[in-house]
Amino acid sequence: MKTISENKCFGGVQGVYSHTSKATNCEMTFAVFMPDDAISGPVPVLWFLSGLTCTHENAMFKAGAQSWASEHGIALIFPDTSPRGEDVANDEAYDLGQGAGFYLDATEAPWAAHFQMGTYISKELPALIAENFAIDMGRQAITGHSMGGHGALTLAMANPGQYRSVSAFSPIANPTQSDWGKKQLTAYLGNADQPQLDASLQMAAVGFDGPVLIDQGSEDQFLDLLRPEALAHAMAARRQDGQFRMQKGYDHSYFFVASFIEDHIAFHAEALYQD
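Just so you know, these numbers come straight off a predicted model, no measurement behind them. (Residues numbered from 1 in each chain as written. Predicted model: local features only at pLDDT ≥ 70, side-chain atom pairs only at ≥ 80, totals over all residues. Heavy atoms only, no water.)

**Q** What should I look at first to understand the pattern of salt bridges in this one?
**A** If charged atoms from side chains of opposite charge come close, those side chains can pair. In the structure shown here, the tally under the stated rule is seven salt bridges. Ionic pairing is found between Lys 2 and Glu 27, a salt bridge with its closest N-O pair at 3.9 Å. Highlighted residues: Lys 2 in strand E1 (residues 2–9) and Glu 27 in strand E3 (residues 26–34), separated in sequence by 25 residues. Relative accessible area serves as the criterion here: at 53%, Lys 2 is assigned to the exposed category. A residue is classified by how much of its surface remains accessible, and Glu 27, at 34% relative accessible area, is partly exposed. Between Glu 229 and Arg 227 there is a salt bridge, and its shortest N-O distance comes to 3.9 Å. (Salt bridge = Lys/Arg side-chain N within 4 Å of Asp/Glu carboxyl O. Helix = DSSP H or I, 4+ residues; strand = E, 2+ residues; numbered from the N terminus. Buried < 20%, exposed > 50% of the residue type's maximum accessible area, 1.4 Å probe, protein only.)

Here it is, written out as structure tokens:
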């Protein structure tokens, strides 16, 4: 692991790091915020998965999460959204290829050689974090925005017991029935019939073994692509422990995320510190 930068931030340290990933077969960059509570012992952690076109930097700079994480004594991890590099497959469209990993393990050429983001986020990067940071990996939670909301929900439900809580901002909620999903699932996996990668279908089938919080802006310009109503219906039908909140007047931007990040961190803190 290489240190790219470290800056004092709300009493803690905001760092950016890189390493050679075996899962994605390339150099990966990620960011970690460590609160000052970590000086006296391991702290719980909240993962933040970002959306299409983003890197580790978007949420790190725009979400305003560090102040609230510091207040609750929680570490934050901001991974990248995909493998990157000259030898990594890409596409001219913004919603496929580099910057659009969809947090899944690709099986189709040319994507399979590098696009193993499901394994990277749920297994390889946590192992690296455990070796290098004072983080209690028995107390993990996960959140994300848009494509990252999709990733947070599907990874949380696919890995029972790994995360104590899950939340999402404007998640791609029903990708098997949306143009933001059909295209990518077909490209990466050969077909779009992937219920295990659809948060709404997964919620209906297995649910999540902990609390869930979903925030969606009513003026989101991508509502038809996100299909939040499918997830809301699945949560209600399953009687999932959780909340689905439609926030009047908010759009898809990081202004929306920053407006409600305090709520989400407090929500995760309650689960992370529960005995």
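That covers the picture; the talk isn't over yet.
**Q** So what exactly am I meant to see when it comes to the layout of surface pockets here?
**A** Rolled over the atoms, a probe with the dimensions of a water molecule shows which regions are left empty. Approximately 220 Å³ is the volume found for the largest pocket. In terms of lining residues, the largest pocket is bounded by 16 residues, among which Leu 104, Asp 105, Gly 118, Leu 155 and Leu 197 are the most central. At the level of elements, helix H3 (117–132) and helix H4 (147–158) are the ones that each hand at least two residues to the lining of the largest pocket. Among the residues forming the lining of the largest pocket, the class breakdown is six nonpolar, eight polar and two charged. Each pocket or cavity is described by its volume, and for the second largest pocket that value is around 150 Å³. Taken together, Ser 5, Asn 7, Cys 9, Gln 14, Val 16, His 56, Glu 57, Met 60, Phe 61 and Gln 66 make up the lining of the second largest pocket. (1 Å grid on protein atoms, 1.4 Å probe; cavity = no way out; pocket = protein on both sides within 12 Å on 5 of 7 lines; lining within 4 Å. Points joined across faces, edges and corners; volume = space filled by probe spheres on them. Nonpolar A, V, L, I, M, F, W, Y, C, P; charged D, E, K, R; others polar.)

**Q** Explanation requested: the state of the cysteines in the structure shown.
**A** As enumerated under the stated definition, the model contains zero disulfides in all. Here Cys 9 is not disulfide-linked; the sulfur of Cys 54 is the nearest cysteine sulfur, at 19 Å. For Cys 9, a relative accessible area of 16% corresponds to the buried category. We note that Cys 54 lacks a disulfide partner, and the nearest cysteine sulfur, in Cys 26, lies 18 Å from it. (Disulfide = S-S within 2.5 Å.)

**Q** Any chance you could explain the packing of aromatic side chains here in plain terms?
**A** A full pass over the atoms with the stated rule returns 12 aromatic pairs. Taking 5.3 Å as the distance between ring centres and 90 degrees as the angle between the ring planes, the aromatic pair formed by Trp 111 and Phe 115 counts as edge-to-face. Accessibility assignment for this pair places Trp 111 and Phe 115 in one class, buried. On the basis of an interplanar angle of 85 degrees and a centroid distance of 6.1 Å, the ring pair of Phe 169 and Phe 256 is categorised as edge-to-face. Placement of Phe 169 in strand E7 (residues 166–169) and of Phe 256 in helix H9 (residues 254–272) is noted, with a sequence separation of 87 residues between them. Each member of the pair, Phe 169 together with Phe 256, is buried. Among the aromatic side chains, those forming a connected cluster through ring pairs are Phe 48, Phe 78, Phe 169, Tyr 250, Phe 256 and Phe 260. (Phe/Tyr/Trp six-rings, centres within 6.5 Å; stacked < 30°, edge-to-face > 60°.)

**Q** Any chance you could explain the nonpolar core here in plain terms?
**A** Within soluble globular proteins, side chains that are nonpolar tend to cluster in buried spots. Formed by 61 residues in total, the largest nonpolar core has its most connected members in Phe 30, Trp 47, Ile 129, Ile 135, Leu 153 and Tyr 188. Once residues within four sequence positions are removed from consideration, Leu 153 is found in contact with Val 166, Ala 168, Pro 171, Ala 199, Gln 202, Val 212, Ile 214 and Leu 231. Counting 25 residues, the second largest nonpolar core, distinct from the first, contains Cys 9, Ala 65, Ala 141 and Phe 169. (Core = buried A, V, L, I, M, F, W, Y, C linked by side-chain atoms within 4.5 Å. Contact = heavy atoms within 4.5 Å.)

**Q** Explanation requested: the environment of Ile 142 in the structure shown.
**A** Here Ile 142 is to be found in strand E6 (residues 135–144). In this structure Ile 142 touches Leu 46, Trp 47, Leu 49, Ala 152, Ala 156, Tyr 163, Ser 165, Val 166, Ser 167 and His 268, once residues within four positions along its chain are discounted.

**Q** What's the story with H9 in this structure? I'm lost.
**A** Along an α-helix, residues three or four positions apart point the same way, because every turn accommodates 3.6 residues. For H9, the principal kink sits at Phe 260 and spans about 50 degrees. Listed in full, the buried residues belonging to H9 are Tyr 254, Phe 256, Val 257, Phe 260, Ile 261, His 264, Ile 265, Phe 267, His 268, Ala 269, Ala 271 and Leu 272. Of the residues flanking the start of H9, the one acting as N-cap is Ser 253, its side-chain oxygen 3.2 Å from the backbone nitrogen of Phe 255. (Bend = angle between axes of the 7 residues up to and from the residue. Polar contact = N/O pair within 3.5 Å; in protein donor to acceptor, adjacent residues only side chain to side chain.)

**Q** Which parts of the structure should I look at to understand the side chain of Ser 18?
**A** Mapping Ser 18 onto the fold places it in strand E2 (residues 12–21). For Ser 18, the side chain forms a polar contact with the side chain of Glu 27, separated by 3.2 Å. Excluding residues within four positions of it along the chain, Ser 18 makes contact with Met 1, Lys 2, Ile 4, Glu 27, Met 28, Thr 29 and Phe 30.

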